[in-house]
Amino acid sequence: MSKVRKVSLAKLDEFFSAIAHSERLYLPVDTTAGAEYKEWAEGTKWSDALNTVRSAKDFFFPQTENLMDFKMQDKKIELIDTRRETEDFVVFGVRACDARAFRVLDNVFLAEPVDTYYQNRRKHGTIVTVACTRPVETCFCGTFDIDPANADGDVNAYKAEDALYLQAVTEKGEKLLETLASVTEDADEKPVEEQKALIKERMAKLPLAELRPDAFGKDKTSEFFNAPEWKDLYQACLGCGTCTFVCPTCQCFNISDEGDPLEGRRLRSWDNCMSPLFTREASGHNPRTAKALRMRNRVSHKYWYAPDYSDGRFACTGCGRCIKQCPVSLDIREIVLNAIADDAEAK
């Protein structure tokens, strides 16, 4: 890592302005619906919320995007590539759980065949993480060995009482801090180390701080696939799909065409595995008509399927959004713990 730089909190507007001068800058802003990422403009205030309602995933894998346009003339179809080179941009204020989510998404979209839409955005986007000093009971990133004080960002930032401390982690991060040399200054690492120690202490006090993934994960799918708990755990679920909508790692999508017989466009939109239509086939057959089966699939994908096909990496980062946003307060940790407890009793 590079040397630590800092900027006074009183000069944050000047700092943000310097970034926005050469790149688009997005950061968490308070709204009536909670903190959301907005483009910075003069007067924009950085939110002090623990996290945003939706993650930074949206910048790289948008909810809906136009993949191509098409036109029909004289029985010939013209395909029009609508892709444009993405402008350089910075996403500021990303938490460690959301930064880790990019590893999950990269494993899907940057594997062969590479998704060039996603790749283009990743190439031009710079992630500035901010250490999480106020974890709450719904946070469980530590279960997956995510350190809120040492995130996977291009630049890791630490907000103290009087200053914002910054440390570049990647080449992208180095380049960004070089452009900000005039509005930052060299700093002692002591405040950063003190904050790291404080975060570690607070994380250790969370209710499920000792929850480790040893009992679930790779090579354990068969143990839990037919667990009897699935018949009961789904009862309270509404099947609304809010959990998938706010998840930073969910990557399922649907392709649809819209327009008329002569011209139109092809769209890619997020899909929802909790929807009864998600697995309906063209024949009309649906292998997951029961809500219990859909819940089992979603939870199993996060904690059992994903580790099996991605070298032990989980498709959950413990951000807690699905817990906080669920309208009936279902807790995915309790679902997993129930399955583990039943397995432990059986042994």
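Just so it is clear, the model here is predicted, and its values are computed rather than measured.

1. Regarding a nonpolar patch on the surface
Thinking step 1. On the surface, Met72, Ile77, Leu79 and Leu262 cluster together into a nonpolar patch covering about 420 Å² of accessible area.
Thinking step 2. Relative to the helices and strands, Leu79 is located in strand E5 (residues 76–81).

2. Here's the deal with unusual backbone geometry
Thinking step 1. The residue after Glu112, namely Pro113, is reached through a cis peptide bond having omega -5 degrees.
Thinking step 2. Topologically, Pro113 is positioned in the loop between helix H2 (96–109) and helix H3 (116–124).
Thinking step 3. For Asp145, which is not glycine, the phi dihedral falls at a positive 60 degrees.
Thinking step 4. Among the structural elements, Asp145 can be located in the loop between strand E7 (125–130) and strand E8 (155–159).
Thinking step 5. What makes Asp145 exposed here is its relative accessible area of 59%.

3. Some points on the packing of aromatic side chains
Aromatic ring pairs are described here by two measures, namely the spacing of the ring centres and the angle between the planes.
Thinking step 1. Following the criterion strictly, the structure yields 21 aromatic pairs and no others.
Thinking step 2. An angle of 80 degrees between the planes, with centres 6.4 Å apart, marks the rings of Tyr26 and Phe89 as edge-to-face. Residue Tyr26 is found in strand E2 (residues 24–31), and its partner Phe89 is found in strand E6 (residues 89–94); the two are separated by 63 residues along the sequence.
Thinking step 3. Assessed through its relative accessible area of 6%, Phe89 is described here as buried.
Thinking step 4. Ring centres of Phe144 and Phe314 lie 5.3 Å apart, and the angle between their planes is 55 degrees; on these two criteria the pair is classed as tilted. Within this pair, whereas Phe144 is found in the loop between E7 and E8, its partner Phe314 is found in the loop between helix H9 (291–309) and helix H10 (321–325), the two being separated by 170 residues in sequence.
Thinking step 5. Note on Phe144: relative accessible area 9%, which makes it buried.
Thinking step 6. A relative accessible area of 17% means that Phe314 is categorised as buried.
Thinking step 7. An aromatic cluster of three or more residues is present, and its members are Tyr26, Tyr37, Phe59, Phe60, Phe89 and Phe102.
Thinking step 8. Positioned over the ring face of Tyr117 is Arg83, at 4.7 Å from the centre of the ring.

4. Some details on the sheet that holds strand E10 (residues 185–186)
Thinking step 1. Pairing is mixed in the open sheet, where eight strands are placed in the order E3-E2-E6-E7-E8-E9-E1-E10. Edge positions in the sheet fall to strand E3 (34–39) and E10, since each of these pairs with one other strand and no more.

5. A closer look at the nonpolar core
Thinking step 1. In terms of nonpolar packing, the biggest core is built from 57 residues, with Phe59, Val91, Phe144, Trp230, Met295, Val299 and Tyr303 touching the most fellow members.
Thinking step 2. Elements with a contribution of two residues or more to this core: E6, H2, strand E9 (163–168), helix H5 (190–203), helix H7 (230–233), H9, H10 and helix H11 (332–346).
Thinking step 3. Broken down by element, the residue count for this core peaks at six residues, all from H2.
Thinking step 4. If we skip the residues at most four places from it in the chain, Phe144 touches Arg100, Phe216, Tyr303, Phe314, Cys316, Thr317 and Gly318.
Thinking step 5. In this structure, Phe92, Val128, Val130 and Leu177 belong to the second largest nonpolar core, which totals 23 residues.

6. Quick look at the pairing of E7
Thinking step 1. For E7, the buried fraction is high: six of the six residues fall into the buried class.
Thinking step 2. The side-chain alternation of E7 yields two buried faces, one formed by Gly125, Ile127 and Thr129 and the other by Thr126, Val128 and Val130.
Thinking step 3. One ladder, built from five bridges, connects E6 with E7; its direction is parallel. Residue Val94 lies in a different strand from E7, and its bridge partner there is Thr129.
Thinking step 4. With three bridges joining them, E7 and E8 adopt parallel strand pairing. Among the inter-strand pairings, Val128 is bridged to a residue of E8, identified as Val155.

Reading the values: rules and limits
All residue numbers here refer to positions counted from 1 along the written sequence of the relevant chain. Only residues with pLDDT of at least 70 get local features here, since the model is predicted, and only at 80 or more are side-chain atom pairs given and counted; chain-wide, interface and lining totals rely on the full set of residues. No hydrogens and no water enter the side-chain calculation; it runs on all heavy atoms of the structure. Patch definition: residues above 30% relative accessible area lacking any salt bridge, with like charges linked at up to 9 Å and the nonpolar side chains Val, Leu, Ile, Met, Phe, Trp and Tyr linked at up to 5 Å. Residue burial considers only the protein chains on display, and all accessible areas are found by Shrake-Rupley using a 1.4 Å probe. Throughout this description, the term salt bridge denotes a Lys or Arg side-chain nitrogen within 4 Å of a carboxyl oxygen of Asp or Glu. Segments assigned H or I by DSSP are reported as helices when at least four residues long, segments assigned E as strands when at least two residues long, and all are numbered from the N terminus. Buried means the residue's accessible area, taken with a 1.4 Å probe over protein chains only, is under 20% of the maximum for its type, while exposed means over 50%, and partly exposed covers the values in between. Between the rings of Phe, Tyr and Trp (Trp by its six-membered ring), a pair exists once the centres lie within 6.5 Å; its type follows the angle of the planes, with under 30 degrees stacked, over 60 edge-to-face, and the other angles tilted. Whether a charge sits over a ring comes down to the Lys NZ or Arg CZ being within 6 Å of the ring centre and within 35 degrees of the ring normal. In this scheme, strands are said to pair when DSSP sees at least two bridges between them. As used in this record, nonpolar core signifies buried Ala, Val, Leu, Ile, Met, Phe, Trp, Tyr and Cys residues forming a set joined through side-chain atoms within 4.5 Å. By definition in these notes, contact holds between two residues if any of their heavy atoms fall within 4.5 Å.

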